[in-house]
Amino acid sequence: MIATILLSVGIVFLAELGDKSQLMALTFALRYHWWVVLGGIATATAGVHLISVAVGYFLGAALPTRAISLVAALTFLAVGLWTLREHLGAPDDDDEPRPPRSTAAPFLVVLSAFLLAELGDRTMFATAALATDNSWFGVWLGSTIGMVAADALAIAVGIAVGKHLPERLIGIGSGLLFLYFGSTTLLGAAVPSLGLVVSAAAAAVVPVVVGAVLLVRRVRVGVEVEEVVAEGVQRGR
């Protein structure tokens, strides 16, 4: 059992290094409290890997990965657009106090994002393969620990970076990253024949275009507001 747990920890930890899950964990850590992000990741990982060991150990069947990837892509794109709209949609007063963030909503966002991202991911297939020849409980526990440890490392990086960046910049960067995640996932599911380099380059176009459009809209609205204020001042004279 111990050997199975250690084997699963090592394989999943190494598989997660540099994976999109680490980038997602870093992105969420820039925006939410670290314990909320880690809790959502741990809960999602435990659920996904329970499914994967069941698939590998009991069923020996595969999940509809393309459909899951499409849903995940749409979720990432929606989160990215929502985040960018919040920070670039319209100018606001940065000096105004912001209401405190709740814990429940970010937890559900992190939980749902990681559930969709990990279903059908390479880590899930690795866990399912390990469960075919090893104790399912040992594989489940070890793979969960390995993934949470890898993402905790990314969260630590996100906390260190977030201390030196303004909130608006963090929000914009998070939104652009989620648009990129959604684009790459969508291209991978819709056009699996595309190479990794071509897919990554094509996906980078989406956050650039959307960010530019929202930035232009923000600047235009800001100019209109300034013109209205200036006109009101002149009339007051």
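Residues numbered from 1 in each chain as written. Predicted model: local features only at pLDDT ≥ 70, side-chain atom pairs only at ≥ 80, totals over all residues. Heavy atoms only, no water.

### Things to note about the nonpolar core
Within soluble globular proteins, side chains that are nonpolar generally end up buried alongside one another. Grouped together as the largest cluster of nonpolar side chains are 22 residues, with contacts concentrated most on M24, F28, V37, I41, F76, V110 and F114. Where this core is concerned, the elements lending two or more residues are helix 2 (20–31), helix 3 (34–59), helix 4 (65–88), helix 5 (104–118), helix 7 (136–162) and helix 8 (167–190). Counting residues per element, this core draws most heavily on helix 5, at 5 residues. Residues within four places of F76 in sequence aside, it is in contact with M24, A113, A117, F178, L179, F181, G182 and T185. If you look at the next biggest cluster of nonpolar residues, it comprises 5 residues, including L77, L84, I172 and L179. (Core = buried A, V, L, I, M, F, W, Y, C linked by side-chain atoms within 4.5 Å. Buried < 20%, exposed > 50% of the residue type's maximum accessible area, 1.4 Å probe, protein only. Helix = DSSP H or I, 4+ residues; strand = E, 2+ residues; numbered from the N terminus. Contact = heavy atoms within 4.5 Å.)

### Side note on the packing of aromatic side chains
Applying the stated criterion to the full structure yields 5 aromatic pairs. Aromatic pair W136 and F137: ring centres 6.0 Å apart, planes at 90°, arrangement edge-to-face. With 5.7 Å between their ring centres and 45° between their planes, F137 and W140 make a pair best called tilted. Here the residue F137 and the residue W140 both occupy positions in helix 7, the gap between them amounting to 3 residues, near one helical turn. Through a chain of ring-to-ring contacts, the aromatic side chains of F28, Y32 and F114 assemble into a single cluster. (Phe/Tyr/Trp six-rings, centres within 6.5 Å; stacked < 30°, edge-to-face > 60°.)

### Side note on the confidence of the model for the protein chain
Of all residues in the protein chain, 77% have pLDDT values of 70 or greater, and the mean over the chain is 75. Helix 7 holds the highest mean pLDDT among the elements of the protein chain, 86, whereas helix 9 (residues 196–236) holds the lowest, 70. Contacts for the low-pLDDT stretch residues 90–102, under 50 throughout, to residues beyond four places or in other chains number 15 contacts. (pLDDT = per-residue confidence, 0-100.)

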